[in-house]
Amino acid sequence: MTAPRFTTVTSRVVPLPAADVDTDQIIPARYLKVTDKAGLGTALFADWRLRPDFPVGKPEHAGAEILLCGHNFGCGSSREHAPWALVAGGFRALVSTSFADIFKGNALKNGLVPVVVDPATHAALFAARAADPAFAITIDLEARTLSAPGIAPVEFPVDGFARRCLLDGVDELGYLLGHLPAIEAYERRT
Amino acid sequence: MTARTMFAKVWDQHVVVAPDGDAPAVLYIDLHLVHEVTSPQAFSGLRARGLRVRRPDKTVATMDHSTPTKRGGLALADDQARSQLAQLTTNCAEFGIELHSLGESGHGIVHVIGPERGLTRPGRTIVCGDSHTSTHGAFGALAFGIGTSEVEHVLATQCLLQRRPKTLRVTFTGVAPLGVTAKDLVLAMIARIGVGGATGHVIEYAGPAIRALDMEGRMTVCNMSIEAGARAGMIAPDEVTFAYLAGKPGLPTGKAWDAQVDAWRSLASDPDAVFDAELTIDASAVEPMITWGTNPGHGVGITQPVPQPGSVADPNERAALESAVRYSAAVPGQSLLGRHVDVVFIGSCTNSRLSDLQAAADVVRGRKVASTVRMLVVPGSAAIKLAAEALGLDAVFVAAGAEWREPGCSMCIAMNGDMLEPGQVAVSTSNRNFEGRQGKGSRTLLASPITAAAAAITGVVTDPRTFLDGSQP
Ligand code: SF4
């Protein structure tokens, strides 16, 4: 199985400051009737995209791979369709002050890296983007750093195992299957 | 031995491989619940690798999200829904998984049938590709939602790679007043800590107001844990739990039952166990709750005003409240009492159990649903539907002018044909009031079954206590 990989990304950012963006907004439920993972790009923020002021999907953001989002991004439903749609929409990393638990795990499993920064850095990134639409960020998973012109590089926390999987292309299920003898022993014991 | 929380006891018992270096723990899963929406890609993944389902005997499937609930004619929403249901049938047949199909006696919402069938038990680890798996924690199980990749992991190995979450104990002191239900208690908690307030934590609910709840009320509370961002919610099993479980299929009887109960009793947190965080809520000060905005944290006591966004200092928070006010058309500074309601929905894995239907029926009995209101009553399972009909509840609802439907998720998620029209307002007993959750442009006010039923009769948001104290005609 080909596992997702990630080393670094340097890209312009799409600003989406709203807090508590839930996965029902990222992909509305009516798009969940699919039986495969492909082709969800048009479902990404399907309802919010209809608003004239909504950034995702606008031509000027074409090619941007980093979503700069608000606090507690990805709350609500556990649907992995949310990261599938974000990846299909061209995103490779998300930057916020926090992410919802299930969403964060789902994102990492799809090569979409959730980067948590402190509120001051978060505000500085939004300000820099507002001042310059071409403002670009670099996310380096190996070094665990976020850097950008005019902003001091910051280290970000990331689950060590998820990081290793993404850097080395480790297939998580393959890894888990490697523990089958221990699983069998557990089943005999209990 | 150091004092342990209930969470720690269940977790420790299920660690197959301890965390090592940066590798997380391998955690054993006792019960895997499966539904049609979050499983097809996982089964495809298994096939692509040539794997089998490792423990079909620990896996149970149902159809609930995209199934129609219309009586008589079970027409599907569309071809996509049809193919999703057909896939689940094929997958379960191919991999030997017990499936409760549409129309069968064991059919229902995944978080309703687990407990009902005796599959949800104290001390078990339970997962499902569904965030409201937290419901099952009401029995002292460690139950949490997972994504589809993890569904594939559990199908293939019966295990998950997991980081140990933190613990938060929420103690509800005092006695809940008349008209204040389990739903109101949990909405009050979410209003207090916000939709991200319990992120990274497993909540243990404790205190006299929790002990006083029946199992159905406890499930309502644990169900909404995820709406505070929690990984799971748990309640220590007690006599109420054991009485609910006694006689369920697959459980022991006689001496073996007594031994089982003793083992379950020992799961409770040790008296001096330390939690990472603590919160106390005075249940006697909670009012019937209702949400006004676009997330479950936007709850207020039913007589209380919608907050003024202008009074919030943080600019992002203020912008979020302003956007919620705009979408919901709520009026800051005023309570919701008297607000026009188009639809009342009694159902969902939060509030579709027999006691929920009984409570709503008690409000509706002998009265008429307002002519401007569409009221849907959707039992959580085929078994609940039968039990309600045996009590004549269907007749109560139908006589009042409500629709009595087949079991399913229905208007909780609006991917099955049941939904609001754009701009319509629903008082709903479900768990999410996100934008568009009940249909494009829908506006959802979350509340308890009695608050919802009261609104159905009057056609406007109404204090349910007026139906309990005799002040309503
Ligand atoms: S009733 Fe609603 S919340 Fe519960 S499982 Fe169904 S869709 Fe999810």
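Since we're looking at a predicted model, the values are computed, not measured.

**Student:** For the overall build of chain A, give the residues involved together with the corresponding values.
**Tutor:** When helices and strands are tallied, chain A shows seven helices and seven strands. In chain A, the succession of helices and strands from N to C terminus is β-α-β-α-β-α-β-α-β-β-β-α-α-α. Counting only C-alpha atoms and orienting by the principal axes, one finds that chain A spans roughly 60 × 40 × 25 Å. By the burial criterion, 56% of the 190 residues in chain A qualify as buried.

**Student:** Now, about the side chain of His 201 of chain B: what can you tell me, with residues and values included?
**Tutor:** When you line up the elements, His 201 of chain B lands in strand β10 (residues 201–206). Those residues within four positions of His 201 of chain B in sequence are excluded, and the remaining contacts are Asp 101 of chain A together with Lys 166, Thr 167, Leu 168, Ala 230, Arg 231, Ala 232 and Ala 277 of chain B.

**Student:** I'd like to hear about helix α10 (residues 254–265) of chain B, residue by residue, with values.
**Tutor:** Residues and elements named next belong to chain B. In this model, α10 (12 residues) spans 17 Å end to end at C-alpha, consistent with the 16 Å of a helix rising 1.5 Å per residue. All of the buried residues along α10 are Trp 257, Val 261 and Trp 264. Buried residues of α10, viewed axially, fall in a sector of 60°; they line one side. Against α9 (239–245) lie the buried residues of α10.

**Student:** So what's going on with the side chain of Thr 241 of chain B? Which residues, and what values?
**Tutor:** Counting through the fold element by element, Thr 241 of chain B comes out in helix α9. Look at Thr 241 of chain B and you get buried, because its relative accessible area is 0%.

**Student:** Kindly report on the site of the ligand, identifying the contributing residues and their values.
**Tutor:** Taken together, His 65, Ile 109, His 111, Asp 130, His 132, Ser 348, Cys 349, Cys 409, Cys 412, Ile 413, Asn 431 and Arg 437 of chain B make up the full set of residues adjacent to the ligand. Residue classes in the shell around the ligand are distributed as five nonpolar, five polar and two charged.

**Student:** How would you summarise the interface of chain A and chain B if you had to cite specific residues and measurements?
**Tutor:** Across the boundary between the two partners, chain A contributes 50 residues, which contact 61 residues of chain B. Inspection of the region where chain A meets chain B yields eight salt bridges. For Glu 150 of chain B, the salt bridge is made with Lys 109 of chain A, and the minimal N-O distance between the two is 3.6 Å. Inspection of the chain A/chain B interface yields 20 residue pairs in polar contact (both at pLDDT 80 or more). Elements represented by at least two residues in the side of chain A that touches chain B include exactly α1 (23–26), α2 (81–88), α3 (101–108), α5 (160–168), α6 (172–177) and α7 (180–189) of chain A. With seven residues, the single largest contributor to the side of chain A that touches chain B is α7 of chain A. Its residues placed into classes, the side of chain A that touches chain B shows 19 nonpolar, 11 polar and 20 charged.

**Student:** Describe the pattern of salt bridges, naming the residues involved and giving the relevant values.
**Tutor:** All names here are of chain A. Scanning all chains against the criterion turns up 33 salt bridges over all chains. Between Asp 24 and Arg 79 there is a salt bridge, with its nearest N and O atoms 3.3 Å apart. With Asp 24 in helix α1 and Arg 79 in the loop between β2 (66–69) and α2, the pair connects residues that are 55 residues apart, well separated along the chain. Comparing Asp 24 with Arg 79, the two get one shared label, buried.

**Student:** Can you tell me about the nonpolar core, naming the residues and giving the values?
**Tutor:** Considering soluble globular proteins, one finds that nonpolar side chains tend to be buried as a cluster. In this structure, Phe 45, Leu 67, Phe 73 and Leu 86 of chain A together with Met 375 of chain B are the most contacted members of the largest nonpolar core, which totals 83 residues. The leading source of residues in this core is helix α15 (residues 449–458) of chain B, at seven residues. The contact partners of Met 375 of chain B, leaving out residues within four places of it in the chain, are Val 344, Ile 346, Val 364, Val 369, Phe 397, Ala 402, Glu 403, Ala 453 and Ala 456 of chain B. Counting 76 residues, the second-largest nonpolar core is a separate cluster that includes Ile 190, Ala 228, Phe 242 and Ala 283 of chain B.

**Student:** Kindly report on the sheet that holds strand β6 (residues 145–148) of chain A, identifying the contributing residues and their values.
**Tutor:** Residue and element names in this part refer to chain A. Across the sheet, which stays open at both edges, the seven strands sit in the order β4-β3-β2-β1-β5-β6-β7 with mixed pairing between neighbours. The open sheet terminates on both sides in strands that have one partner only, identified here as β4 (113–116) and β7 (151–155). Pairs of neighbouring strands in the sheet enclose a mean axial angle of 25°, with direction left out of account. Note that β6 and β7 share three bridges and pair antiparallel. Bridging across to β7, Leu 146 finds its partner in Val 154.

Conventions adopted
- Residues numbered from 1 in each chain as written.
- Chains lettered and ligands numbered in written order.
- Predicted model: local features only at pLDDT ≥ 70, side-chain atom pairs only at ≥ 80, totals over all residues.
- Heavy atoms only, no water.
- Helix = DSSP H or I, 4+ residues; strand = E, 2+ residues; numbered from the N terminus.
- Buried < 20%, exposed > 50% of the residue type's maximum accessible area, 1.4 Å probe, protein only.
- Contact = heavy atoms within 4.5 Å.
- Expected span 1.5 Å × (residues − 1).
- Arc of directions from axis to C-beta.
- Near = heavy atom within 4 Å.
- Nonpolar A, V, L, I, M, F, W, Y, C, P; charged D, E, K, R; others polar.
- Salt bridge = Lys/Arg side-chain N within 4 Å of Asp/Glu carboxyl O.
- Polar contact = N/O pair within 3.5 Å; in protein donor to acceptor, adjacent residues only side chain to side chain.
- Core = buried A, V, L, I, M, F, W, Y, C linked by side-chain atoms within 4.5 Å.
- Pairing = 2+ DSSP bridges.
- Axes fitted to C-alpha atoms, helices over the stretch in contact; angles between N-to-C directions.

Any functional reading would require information beyond the geometric quantities listed.
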